[in-house]
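Reading the structure
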Amino acid sequence: MRVVFMGTPDFAVPSLKALVAAGHEVPLVFTRPDAVRGRGRKLVPSPVKAAATELGLPVFETARMTPEAKDALRAAAPDVICVVAYGCILPDDVLAAAPLGAVNVHASLLPRWRGAAPIQRSILAGEEETGVSIMRVAHELDAGAWCAQARVRIGDKGCAELTADLAEAGSAALVDVLPRLADGTVEWHEQDPAGVTVAAKVHKDEMLLDPAEPADVNARRVQASGETAPARALVAGKGVRVMAARVAAGDQAAAGLPAPGAVLALKKRVLLGCADGALEVISVKPDGKKEMPVASWASGLRGDLTWERI
């Protein structure tokens with residue numbers, strides 16, 4: 001099949017590579033333009049552009065479907081358009097440019113978690129599993145019918161690890177669907193409106209750790225955190241990003257866990273007292289310093305310590 005691919009972040013790269021490995025012809029890859037990233041403030045290509053270049057595929061960079069972009073799409077003459085986290089609204093004439101339409105790899109078990117941050121929202125909600133859906137691209141956000149889903153256990157995976165697992169599951173599901181899409185044997189399932197939840201973008205203040213809240217809530221914030229919305233707190237008067245943590249085992253009274261807002265700094269462990277127990281810190285990145293294991297950080301914590309929401 002001739003597949004025009006549209007995608008931008010790391011999540012989309014496994015799908016692009018899987019399409020090529022499966023023998024599909026990819027005459028054109030659409031991605032968003034190079035963006036300024038990192039401390040050096042240099043223009044950096046999107047992960048999809050970098051992968052496409054490595055694969056020797058032609059790339060069209062655009063943040064919206066301009067007349068030039070539409071001309072390039074029609075010239076590519078695709079059988080189908082595959083969209084994976086592209087970040088661009090596709091108008092009707094774009095969707096009609098391929099006889100088999102446009103399908104999207106979405107990182108949730110639709111209709112659960114439509115929207116911008118399905119992976120983080122599934123973690124923050126304390127769900128045991130999430131997954132990917134192969135769906136038709138529709139005008140309403142993530143509202144198209146789906147034809148395939150794959151489930152992925154969340155467990156204690158951090159956001160980056162879970163994203164990578166979902167990306168691999170999505171790429172496999174996409175490649176599996178395309179032959180059935182071509183021969184007309186694929187089955188479409190309309191989404192049940194009663195089951196719709198919205199995965200709104202996660203803001204920084206949502207990820208701030210708080211001693212007035214339960215330990216498991218704070219642990220899920222750490223698990224779901226990333227560069228754009230890190231899990232941070234003020235410990236002993238200094239800002240710190242908690243990179244990894246877990247709910248401390250034991251009963252607060254019997255095990256000597258710290259009270260809410262108190263810090264228990266042991267030789268190689270640091271416990272932050274929460275509303276119903278404690279958060280055990282595993283690794284941290286103090287403001288202005290590199291990431292370090294908790295044992296190194298604990299050695300510098302002294303005295304009657306407290307922590308609070310920044």
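Residues numbered from 1 in each chain as written. Predicted model: local features only at pLDDT ≥ 70, side-chain atom pairs only at ≥ 80, totals over all residues. Heavy atoms only, no water.

Another aspect to go through is the layout of surface pockets. What the largest pocket holds in volume is close to 1,800 Å³. Along the wall of the largest pocket there are 49 residues; nearest its centre are Pro-9, Ala-85, Ala-116, Ala-117 and Pro-118. Of all the elements in the fold, those that place two or more residues in the lining of the largest pocket are strand E3 (35–37), strand E7 (102–106), helix H5 (118–124) and helix H6 (159–183). Element by element, the count of residues in the lining of the largest pocket is highest for H6, at five residues. Reported here for the second largest pocket is a volume of approximately 410 Å³. Taken together, 19 residues line the second largest pocket, and the ones lying closest to its centre are Gly-158, Val-222, Gln-223, Met-243 and Ala-244. Within the residue set of the lining of the second largest pocket, elements represented by two or more residues are H6, helix H7 (215–224) and strand E13 (238–247). Per-element tally for the lining of the second largest pocket: the top contributor is E13, with six residues. In terms of residue class, the lining of the second largest pocket is built from nine nonpolar, four polar and six charged. (1 Å grid on protein atoms, 1.4 Å probe; cavity = no way out; pocket = protein on both sides within 12 Å on 5 of 7 lines; lining within 4 Å. Points joined across faces, edges and corners; volume = space filled by probe spheres on them. Helix = DSSP H or I, 4+ residues; strand = E, 2+ residues; numbered from the N terminus. Nonpolar A, V, L, I, M, F, W, Y, C, P; charged D, E, K, R; others polar.)

Moving on, we come to the packing of aromatic side chains. Under the defined criterion, the tally for this structure stands at one aromatic pair. One Lys or Arg, Arg-136, reaches over the ring of Trp-188 and ends 4.0 Å from the middle of that ring. (Phe/Tyr/Trp six-rings, centres within 6.5 Å; stacked < 30°, edge-to-face > 60°. Lys NZ or Arg CZ within 6 Å of the ring centre and 35° of its normal.)

With that out of the way, let us pick up the pairing of strand E1 (residues 2–7). A large share of E1 lies buried, amounting to five of its six residues. With four bridges joining them, E1 and strand E2 (residues 25–31) adopt parallel strand pairing. Across the sheet, residue Val-4 finds its bridge partner in E2, namely Leu-28. After leaving E1, the chain enters helix H1 (residues 13–21) and then returns to the sheet as E2, a path that is right-handed. The pairing of E1 with strand E6 (residues 80–84) spans five bridges and is classified as parallel. (Buried < 20%, exposed > 50% of the residue type's maximum accessible area, 1.4 Å probe, protein only. Pairing = 2+ DSSP bridges. Right-handed = clockwise from strand over helix to strand, strands pointing away.)

Turning our eyes to something else, we now look at the sheet that holds E2. Read across the open sheet, the seven strands follow the order E5-E2-E1-E6-E7-E9-E10; overall the sheet is mixed. Strand pairing shows two members of the sheet lacking a second neighbour, strand E5 (59–61) and strand E10 (146–153), which therefore form its edges. Looking at each pair of strands side by side, their axes are set apart by 20° on average, direction ignored. For E2 and E5, the ladder comprises three bridges, and the chain directions are parallel. Bridged to Thr-31 within E5 is Glu-61. Relative to the sheet, helix H3 (residues 67–76) contacts E1, E2, E5 and E6, its axis offset from that of E2 by approximately 165°. Packing against the sheet, H6 makes contact with E1, E6, E7, strand E9 (129–136) and E10, and its axis sits at approximately 35° to E9. (Axes fitted to C-alpha atoms, helices over the stretch in contact; angles between N-to-C directions. Contact = heavy atoms within 4.5 Å.)

Overall, the coordinates contain 17 salt bridges when judged by the stated rule. Close ionic contact of Asp-34 with Lys-49 constitutes a salt bridge, the shortest N to O distance being 3.2 Å. On the criterion of sequence distance, the pair formed by Asp-34 in the loop between E2 and E3 and Lys-49 in helix H2 (residues 47–55) is long-range, its members being 15 residues apart. Judged by its relative accessible area of 27%, Asp-34 falls in the partly exposed class. Residue classification places Lys-49 among the buried positions, given a relative accessible area of 18%. In this structure, Arg-232 engages Asp-287 in a salt bridge whose closest nitrogen and oxygen atoms are separated by 2.5 Å. You can see Arg-232 sitting in strand E12 (residues 232–235) and its partner Asp-287 sitting in the loop between strand E16 (277–286) and strand E17 (292–293), a full 55 residues away along the chain. Of the residues examined, Arg-232 reaches a relative accessible area of 22% and is grouped as partly exposed. Through salt bridges with shared partners, one network takes in Asp-34, Lys-49 and Glu-61. (Salt bridge = Lys/Arg side-chain N within 4 Å of Asp/Glu carboxyl O.)

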